[in-house]
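Fold and geometry: a report
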Amino acid sequence: MERTQELYVNDDQNIEANLTGQEEMNTTMKIESSSVPQSKNYKKWLRIFIYVFFVLACQALSTILGRVYYENGGKSTWMGTLVQLIGFPVLFLFRFFSRIKNSKSTDADYRKFSSYTILGSVYIVTGLLVSANSYMSSVGLLYLPVSTFSLILASQLAFTAFFSYFLNSQKFTPFIVNSLFLLTISSALLVVNTDSETTAKVSRVKYVIGIICTIGASAGIGLLLSLVQLILRKVLKKQTFSTVTDLVAYQSLVASCVVLIGLFASGEWKTLTSEMENYQLGKAPYVLTLASIAISWQVYTIGVVGLIFESSSVFSNSITAVGLPIVPVVAVIVFHDTMNASKIFSIVLAIWGFISFVYQHYLDEKKLKTSHTSSVGDPHLPVEEGHTNIQSV
């Protein structure tokens, strides 16, 4: 009997010891598992911070350097267009190193694609549109002060909402209507106020041409963003990292070829040698300025694409919108652009329009996430179509 009691006691002790050991192991595993996501979270926010810096810094830098090129003797609008696009090989490097870090390759997405003819047509159509937008923005930057150019170009958000209404079933909510109204008034103030902006360097006719080209570029960007959203949703039916990166890179390749044809067809290539020799800052700064513009535009694109996949397209659009008013402020410091009352009022209206636009897309994404969560719990609930929003490509 005592022997039996001893066995029970020993068994109880062994069970308690096992339970204690198991609890310690579970606690250790919990601590280790909690530390892993925390370290991953830090890395994610570090990447987001880097991409935000890329967008804000390079957006302002590329525009300012473009004006520096024209201010110091650069006259070729085709060259000013080409440097916006020719740095596209950087995107392939970015995609290559990103694919190395990710164990799951996304190349299978394209092997599964049914028609390479459709894929090529997408690249050509978007590439032609990109080349037209880049050329018009180059002409606008040549004839307009940087601050005026940037504020008019900010109306691209209004054009994006307008074209998305027809192409992507974008609803005209009160916030979108408010954004359209404010951004339109903001640009109209600068268009009307032409007398105070014209200088001895630029005639009134060229100034008007600059305004028309900038508005055209802004409308073209809005059409491109809405069209890309439609293509990703209806044609490619994929929104993976490789799909978006390849779309941006190959459309830049097509656009670069188109601009090169324009450069040689116009005969401007013949003047590039004398332009470099007569550049006010010297030959080396001439090459350095053009190279810096090319790199900064592609780094900006990397930041936009990176923010889409690290956070969301709404956040990427938000950072882009925040960066647009920075350029006029920098232009006042660097080029001593006039900052009259109408231009200050235009900046205030533009920022107000940005906030209204971004807030509406925040509501759209929040609604999309809610409907997606509900569809996981109840597969019969439909997810609302028309709010898949990759617009910062």
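Here we summarise the structure given alongside this text. Worth saying up front: this structure is predicted, and the values here are computed from it rather than measured. (Residues numbered from 1 in each chain as written. Predicted model: local features only at pLDDT ≥ 70, side-chain atom pairs only at ≥ 80, totals over all residues. Heavy atoms only, no water.)

1. Some points on the overall build of the protein
The number of helices and strands found in the protein is 15 helices and zero strands. Burial status across the protein gives 47% buried among its 393 residues. Sequence-distant contacts in the protein: of pairs separated by 6 or more residues, those separated by 24 or more amount to 83%. Summing over all exposed atoms, the protein offers an accessible surface of approximately 20,400 Å²; the carbon and sulfur share of this is 67%. (Helix = DSSP H or I, 4+ residues; strand = E, 2+ residues; numbered from the N terminus. Buried < 20%, exposed > 50% of the residue type's maximum accessible area, 1.4 Å probe, protein only. Contact = heavy atoms within 4.5 Å. Areas by Shrake-Rupley, 256 points an atom, 1.4 Å probe, with all protein chains shown as cover.)

2. Structural notes on the nonpolar core
Residues Y69, V146 and L307 are the most contacted members of the largest nonpolar core, which totals 67 residues. For this core, the element with the most residues is helix 1 (residues 2-71), which contributes 11 residues. In contact with V146, other than residues within four places in its own chain, are T63, I64, R67, L141, V327, A331, F335 and D337. Formed by 11 residues, the second largest nonpolar core is a distinct cluster that contains L157, L180, F357 and V358. (Core = buried A, V, L, I, M, F, W, Y, C linked by side-chain atoms within 4.5 Å.)

3. Brief notes about a nonpolar patch on the surface
On the surface, F162, Y165, F166, F172 and V177 cluster together to form a nonpolar patch covering roughly 500 Å² of accessible area. It is helix 7 (residues 156-167) that contributes the most residues to the nonpolar patch, three residues altogether. Assignment of secondary structure puts F166 in helix 7. (Patch = residues over 30% accessible without salt bridge, like charges linked within 9 Å, V, L, I, M, F, W, Y side chains within 5 Å. Salt bridge = Lys/Arg side-chain N within 4 Å of Asp/Glu carboxyl O.)

4. A closer look at the packing of helix 6 (residues 146-153) against helix 9 (residues 204-235)
Each pair of packed helices gets described by two things: the angle between the helix axes and the distance between those axes. Axis separation between helix 6 and helix 9 bottoms out at 9 Å; the angle between their running directions is 35°. Classified by chirality, the crossing of helix 9 by helix 6 is right-handed. For the pair helix 6 and helix 9, the contacting residues are T148, F149, I152 and L153 in the first and Y207, I211, T214, I215, A217, S218 and I221 in the second. Across the contact of helix 6 with helix 9, the residue classes tally to eight nonpolar, three polar and no charged. (Axes fitted to C-alpha atoms, helices over the stretch in contact; angles between N-to-C directions. Left-handed = near helix turned anticlockwise from the far one by under 90°. Nonpolar A, V, L, I, M, F, W, Y, C, P; charged D, E, K, R; others polar.)

5. Side note on the environment of S292
Mapped onto the elements of the fold, S292 is located in helix 12 (residues 283-310). Under the relative-accessibility criterion, S292 is labelled partly exposed at 25%. With 230 residues separating them along the chain, S292 and S62 place their C-alpha atoms 7.7 Å apart. In this structure the side chain of S292 is engaged in a polar contact, spanning 2.7 Å, whose partner is the backbone oxygen of L288. (Polar contact = N/O pair within 3.5 Å; in protein donor to acceptor, adjacent residues only side chain to side chain.)

6. Notes on helix 14 (residues 326-335)
Within helix 14, burial applies to V327, P328, A331 and F335. Seen from one end, helix 14 has its buried residues packed into an arc of 95°, which puts them on one side. Positive backbone phi, approximately 55°, marks H336, located one or two places after helix 14. (Arc of directions from axis to C-beta.)

7. A short note on the packing of helix 7 against helix 9
Helix 9 packs onto helix 7 with a crossing angle of 40° between their chain directions and a minimal axis gap of 8 Å. Looking at the two axes, helix 7 sits oblique to helix 9. The handedness of the crossing between helix 7 and helix 9 comes out as right-handed. Across from Q156, F159, T160, F163, S164 and L167 in helix 7, the residues of helix 9 making contact are I215, S218, A219, I221, G222, L223, L225, S226, L227, Q229, L230 and R233. (Parallel < 35°, antiparallel > 145°, perpendicular 65-115°, else oblique.)

8. A few points about helix 7
Taking 1.5 Å per residue, 12 residues should reach 16 Å; helix 7 reaches 16 Å between its end C-alpha atoms and fits that length. Taken together, the buried positions of helix 7 are Q156, L157, A158, T160, A161 and S164. Following helix 7 by one or two positions, S169 adopts a phi angle in the positive range, close to 55°. (Expected span 1.5 Å × (residues − 1).)

9. Side note on the environment of G303
Inspection of the secondary structure assignment puts G303 in helix 12. Judged by relative accessible area, which is 0%, G303 ranks as buried. When neighbours within four sequence positions are excluded, G303 is seen to be in contact with Y51, F54 and V55.

10. Points about the packing of aromatic side chains
Each aromatic ring pair is summarised here by two numbers: the centre-to-centre distance and the angle between the ring planes. Within this structure, the stated rule accounts for 16 aromatic pairs. Where Y69 meets Y286, the ring centres are 6.1 Å apart and the plane angle is 45°; that geometry is what we call tilted. With Y69 in helix 1 and Y286 in helix 12, this pair connects stretches of sequence that are 217 residues apart. Among the residues examined, Y286 registers a relative accessible area of 5% and is labelled buried. Centre to centre, the rings of W297 and Y300 are 5.9 Å apart; their planes meet at 85°, and the pair counts as edge-to-face. Within this pair, W297 and its partner Y300 are both found in helix 12, separated by three residues, close to a single helical turn. (Phe/Tyr/Trp six-rings, centres within 6.5 Å; stacked < 30°, edge-to-face > 60°.)

11. A look at the pattern of salt bridges
For the structure on display, the rule yields two salt bridges. Residue E71 is joined to R67 by a salt bridge in which the shortest nitrogen-to-oxygen separation is 3.0 Å. With E71 and R67 both in helix 1 and four residues apart, the pair spans about one turn of that helix. A salt bridge links R95 to D246; the nearest nitrogen and oxygen atoms lie 2.9 Å apart. Placement of R95 in helix 3 (residues 89-101) and of D246 in helix 10 (residues 241-266) is noted, with a sequence separation of 151 residues between them.

12. Structural notes on the side chain of S62
Mapped onto the secondary structure, S62 falls in helix 1. Reaching out from S62, the side chain makes a polar contact with the backbone oxygen of C58 at a distance of 2.7 Å. A polar contact of 3.2 Å, which involves the side chain of S62, links it to the backbone oxygen of Q59.

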